[in-house]
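Chain by chain, the residues run as shown.
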Amino acid sequence: MPVLFVASDDDPFVAPYGVERTHRWVKGPYRLEVLHGAGHNVPEVLAGATSALLLDHLREY
């Protein structure tokens, strides 16, 4: 299963350590995108960027 993980560089609830190591739990294609300044609610704060990443991911797979 292809995975797109969209995270923020300033999420107060998710440690960067965990984000950086998530790929270890995925067997299929994996892509990490870290967006800047979105806090914890990435899709709400950066809706356009999130949508663009999702559309790109869906086109690819």
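About the cut-offs
- Residues numbered from 1 in each chain as written.
- Predicted model: local features only at pLDDT ≥ 70, side-chain atom pairs only at ≥ 80, totals over all residues.
- Heavy atoms only, no water.
- Salt bridge = Lys/Arg side-chain N within 4 Å of Asp/Glu carboxyl O.
- Buried < 20%, exposed > 50% of the residue type's maximum accessible area, 1.4 Å probe, protein only.
- Helix = DSSP H or I, 4+ residues; strand = E, 2+ residues; numbered from the N terminus.
- Contact = heavy atoms within 4.5 Å.

## Looking at the pattern of salt bridges
Following the criterion strictly, the structure yields three salt bridges and no others. Here E20 makes a salt bridge to R21, at a shortest N to O gap of 3.5 Å. On the basis of relative accessible area, R21 is assigned to the partly exposed category, the value being 25%. Across the salt bridge formed by D56 and R31, the nearest N and O atoms sit 2.7 Å from each other.

## Details of the environment of P43
Inspection of the secondary structure assignment puts P43 in helix α2 (residues 42–45). Using a relative accessible area of 53% as the deciding quantity, one classes P43 as exposed. Separated by 36 residues in the primary sequence, P43 and A7 have C-alpha atoms spaced 9.6 Å apart.

## Quick notes on the environment of A38
Examined against the element boundaries, A38 turns out to sit in the loop between β2 (30–35) and α2. Along the chain, A38 and A52 lie 14 residues apart, while their C-alpha atoms are 15 Å from each other. In contact with A38, not counting residues within four places along its chain, are S8, D10, V45 and L46.

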